[in-house]
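Examining the three-dimensional arrangement
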2 protein chains.
Amino acid sequence: MKKIAIYDTTLRDGAQAEGISFSVKDKIKIVEKLDALGVDYIEAGNPGSNPKDLEFFKSIAPMELKHSKLAAFGSTRRTNKPVEEDANIQALLRANTPVVAIFGKSWDFHVTEIIHTTLQENLNMIQDTLQYLKDKGKEVIYDAEHFFDGYKHNPDYAVETLRAAAAGGASWLVLCDTNGGTLPLEIKEITRKIVKEFQVPIGIHCHNDTGMAVANSFIAIQEGARQLQGTLNGYGERCGNANLCVLIPNLQLKADYYCIEDKKLKELTGISRWVSELANMAHDEKMPYVGNSAFAHKGGMHIDAVHKNPLSFEHIPPEVVGNERRVLMSEVAGRSTILSKIRGIDGRIHKESPETKEIIERLKSLENEGYQFEGAESSVELMIRRKIGAHKRFFEIKDFRVLSEKPWKDDNSATAMIKVAVGDQEAVTAAEGNGPVNALDKAIRKALEVFYPQLKNNRLTDYKVRVLDTNAATGAKVRVHIESTDGENVWGTVGVSTDIIEASFEALVDSIEYFLFREMEQEE
Amino acid sequence: MKKIAIYDTTLRDGAQAEGISFSVKDKIKIVEKLDALGVDYIEAGNPGSNPKDLEFFKSIAPMELKHSKLAAFGSTRRTNKPVEEDANIQALLRANTPVVAIFGKSWDFHVTEIIHTTLQENLNMIQDTLQYLKDKGKEVIYDAEHFFDGYKHNPDYAVETLRAAAAGGASWLVLCDTNGGTLPLEIKEITRKIVKEFQVPIGIHCHNDTGMAVANSFIAIQEGARQLQGTLNGYGERCGNANLCVLIPNLQLKADYYCIEDKKLKELTGISRWVSELANMAHDEKMPYVGNSAFAHKGGMHIDAVHKNPLSFEHIPPEVVGNERRVLMSEVAGRSTILSKIRGIDGRIHKESPETKEIIERLKSLENEGYQFEGAESSVELMIRRKIGAHKRFFEIKDFRVLSEKPWKDDNSATAMIKVAVGDQEAVTAAEGNGPVNALDKAIRKALEVFYPQLKNNRLTDYKVRVLDTNAATGAKVRVHIESTDGENVWGTVGVSTDIIEASFEALVDSIEYFLFREMEQEE
């Protein structure tokens, strides 16, 4: 088993992704998670170019890390100036990390056209800067920016820049595909040559501009690179960086490499989702290994085969990375999926029971009406419960009215009035909202919380609307999908109507009812 | 330039993605787009397993395609039964497409453990089925399911299954990485061997379960595969299929392959975004080539360098694929487009006029609020008219109220009351509808038709709702897009609000106002 050093740059390159902005507190939380996961290096910021990062390095200084080494990131010194007078280099020292990562130019075009200096001065800048930091007691990692583009244009010069870095005392030479445009077999050939040529171990840093960051990194490692740079969920400038949540399992489960402890692999799905939440980015559910759809089966033949043997349509067992198998409810899913759902509620019912047929027919007719039960399995469960008499009426909505008005005052454009009954008690209440559905949602909760105070912990996390027959214009049917959570569990429900208020109402009531069922069952 | 045949399976494998459910009308629109793009094959459904697909094939039969060939997809015949008695095979014939794609088992484990038959009978099933369809005049493409897994376990048998398909008359042998777990260098080696061994041309079909579907497909083509199977945006079962929106530019811009006309490449970004809207899936903005972030620069050094020379941080010029460079936080793009729109209304206004700056700033701020003006150019025109004083107030909506009630009688769940003013005349009226937006739509028209009887010919042809920040739940902003027609022209308008009634109202009022402007101009 060959050890691959994992170098995470979520906090630096990842933070250059559109839409991402980590606070100092967020960054500290991410450092703790990465350390617990067992990555080798954490590149935590660029103190020279970003004053917020220097503040962060100060606040993190007293933290004791169990496994990871912290790195501060910055450029080689400026042209024609002694390194000790360079403000960015001084900021790197003030960051007070055991490791400093320095990037420099490998591509002659960048040297002459972008930073406007001579090829020789660029070599001096690389060597000077590394030597200076090394003398200050730092481990120095060298990032060869645009290495592959540089090598393709002028291989001799690109190699010379690496020699300057090695002479300056670099502990790693990292080959960067900065523009993300290099193809796998180019990466393969160039990495092979460099690995042979240098004693210093080689790292790989890929971007995803051709959709191949994962494959390019993997191939570089097969050719002898021993440090992998990437980010959680592949966050990064433009199309992102190599995704560590995909590469770590690829390396550890599909080839003979060791990155983190095997038991830590199980935490990957959780960490991936956690960092999406923290970054306030929609979680990419199609992500290999860690997405919600990664082991979700929809085609009927796939589902049947997976029931016979999961190996038939799963390349690894999902639990190894902390994920799980899901069988989606849809028109392409089979009878067996629904039966197992029914038997989960009442084990006495079997394939030939009249209830089974009735439920399957009801589901089909609902699907024809425009319902879609994927991601709304809780609505299916409630429907089954109603059909087989395993249902309890926690509450009844006697009636409601929603009034929308224009012009309106303050932020509220709608008012909802509602009457609910729980047992033989009734309650009438009203609420305002920034739209009719929001007002109704608030009114339902307000009315029911009197009877079920535990609903206070229950909130919606997602609300989606789909117009089904868009050419029926404003008279069209709409389908509403909502997702709810009590902080621990997540469940989805669905409603369909030509009236968006009614469709939303249906999904909302199902969501609350499902929550109360779960609660009741847990208490039993 | 080597020609690569593009085989799109968005409508079949893509429809097996979680969250995707295309209506028959959606499917027809997608076929039209793919044909215009110039893909070679369109795999449009599985008529045997899905009754909705058969309905679709019937309705598409009279369509004349300019470039693409339609394919119906299905399995080899069942075990131990003559092919002519197989219901799925008969459904394939009824689909009435020039091409049929048949998948069969290549992996001995699937033959014995999943479909429970002998290795010989599986070979018979492949050859019989293809021969039968070929005799019926079909072009038959063979999809070797789990080919790479099969080859790794039992290479001789996997190759035998291909021989059976070739003997049955397959026009292509497509190697499928069905579970998506195969690594790039395995794909390389196996594809190379198969290409050498067969006269029949080879295709490649990859899934993304290790994040390498794009690289794996690309490498297979480098090794001699000449048909590429994939989907728009990489939609597909689990982690998705190979993404054609990424692979087509990779092949055509970065290597010596020809897939579609060069000028069609410019449409890729638009098509990719269009299909996301149609599928009601969030567009993945990090997508290579076609994502909104693909050429978005955020890091300060990157922005400086791109201003000096875009080549420094862009692997291709974004306009080649119809995308554009974005500099985050200091956006200047789109200025010339807007200017030409302004000058279309008032030719005296130029680049430096204060109105131009004001309009661009207003558009930017509206886009930040969630407006999207693609397909809603009429709303942009009205906004410009208001800003430059080229506007006429045809009517004013003084106020409205919409009341939604449950329970309700007959089909109408909502009533709208409205007061409009035209010149110094006022009118108050009311209408019922099957939802609040429908009621308001009817009330507006009823009130205005008194003054503008020509509105009777004006109707909505499309109504779409998109929840913008779905995790704000029922308090989220929604964007409403509507499309209207007077029987001759079609125009689009947009509205945004947290209140769906208000957002719809805005788009409705713009639609009517735009119609009255056109009318007035035609009369002049």
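Cut-offs used in this document
- What you see as residue numbers is a count from 1 along each chain, following the sequence as written.
- As a convention, the first chain written is A and the first ligand written is 1, with the rest following in written order.
- At least 70 in pLDDT is required for a residue's local features to be given in this predicted model, at least 80 for side-chain atom pairs to be given and counted, and no such filter applies to totals for whole chains, interfaces and linings, which use all residues.
- UniProt positions are given in the numbering used here, feature names are shortened, and annotations may be inferred rather than shown by experiment.
- Think of it this way: any DSSP run of H or I at least four residues long counts as a helix, any run of E at least two long counts as a strand, and we number them from the N terminus.
- In this analysis, strands are considered paired if DSSP registers two or more bridges between them.
- Think of each axis as a best-fit line through the C-alpha atoms, taken over the contacting stretch in the case of a helix, with angles from 0 to 180 degrees between the N-to-C directions.
- Residues are treated as contacting if the C-beta atoms built from their backbones sit within 7 Å of each other.
- In this count, Pro and Cys sit with the nonpolar residues alongside Ala, Val, Leu, Ile, Met, Phe, Trp and Tyr, while Asp, Glu, Lys and Arg are called charged and the others, Gly among them, polar.
- Buried means a residue has 20 or more other C-beta atoms within 10 Å of its own C-beta, exposed means 12 or fewer, and partly exposed covers the counts in between; C-beta atoms are placed from the backbone.

As recorded in an unreviewed UniProt entry, chain A goes by Citramalate synthase and comes from Geosporobacter subterraneus DSM 17957. Its UniProt record gives chain A a comment under Catalytic activity (unreviewed entry), which states: "pyruvate + acetyl-CoA + H2O = (3R)-citramalate + CoA + H(+)". In its Pathway (unreviewed entry) section, the UniProt record describing chain A reads: "Amino-acid biosynthesis; L-isoleucine biosynthesis; 2-oxobutanoate from pyruvate: step 1/3."

What follows concerns the UniProt feature "domain: Pyruvate carboxyltransferase" (unreviewed entry) in chain A. Look at the UniProt record and you will see "domain: Pyruvate carboxyltransferase" (unreviewed entry) annotated at residues 4–266 of chain A. Helix makes up 44% of residues 4–266 of chain A and strand 18%, whereas the separation of the span's terminal C-alpha atoms amounts to 18 Å.

Our focus in this paragraph is the sheet that holds strand β3 (residues 41–45) of chain A. Residue and element names in this part refer to chain A. Spatial strand order, β2-β3-β4-β5-β6-β7-β8-β9: eight strands in a closed barrel with parallel pairing. The mean inter-strand angle of the sheet, taken between neighbouring strand axes irrespective of direction, is 25°. Direction of pairing for strand β8 (residues 202–206) relative to strand β9 (residues 227–230): parallel, over a ladder of three bridges. Looking at the pairing, G203 lines up with Q227 of β9. On the sheet, helix α2 (residues 51–60) packs against β3 and β4 (69–75) and is oriented at approximately 130° with respect to β3. Docked against the sheet, helix α8 (residues 184–197) engages β7 (172–177) and β8, running at close to 155° with respect to β8.

Let us now look at the pairing of strand β13 (residues 396–406) of chain B. Where strand β13 (residues 396–406) of chain A and β13(B) come together, seven bridges link them in antiparallel fashion. Note on β13(B): the bridge partner recorded for L403(A) is L403(B). Pairing between β13(B) and strand β14 (residues 414–422) of chain B: eight bridges, direction antiparallel. Bridge pairing in β14(B) links D399(B) to K419(B).

The subject of this paragraph is the interface of chain B and chain A. With 94 residues of chain B at the contact, the number on the chain A side is 96 residues. A total of eight residues in the side of chain B that touches chain A trace back to one element, the largest contributor, which is β13(B). Each residue belonging to the side of chain B that touches chain A can be placed in one class, and the counts come to 36 nonpolar, 37 polar and 21 charged.

Moving on to the environment of S312(B). Of note, S312(B) is situated in the loop between α13 (300–308) and β12 (326–327). Taking the C-beta count within 10 Å as the criterion, S312(B) has 21 such neighbours and is therefore assigned buried. On a C-alpha basis, the gap between S312(B) and R401(B) in space is 57 Å, while along the polypeptide they are 89 residues apart. S312(B) has contacts with H110(A), I114(A), A305(B) and V306(B), leaving out every residue within four places of it along the chain.

A word on unusual backbone geometry. The step from K406(A) to P407(A) runs through a cis peptide bond, and the omega angle for that step is -5°. Its place among the elements puts P407(A) in the loop between β13 and β14 (414–422). Located in the positive-phi region is N96(A), a residue other than glycine, with phi close to 65°. Overall, the presence of 13 C-beta atoms within 10 Å leaves N96(A) in the partly exposed class. Not every positive phi belongs to a glycine, and H116(B) is a case in point at roughly 50°. Looking at the secondary structure, you find H116(B) in the loop between α4 (108–114) and α5 (119–135).

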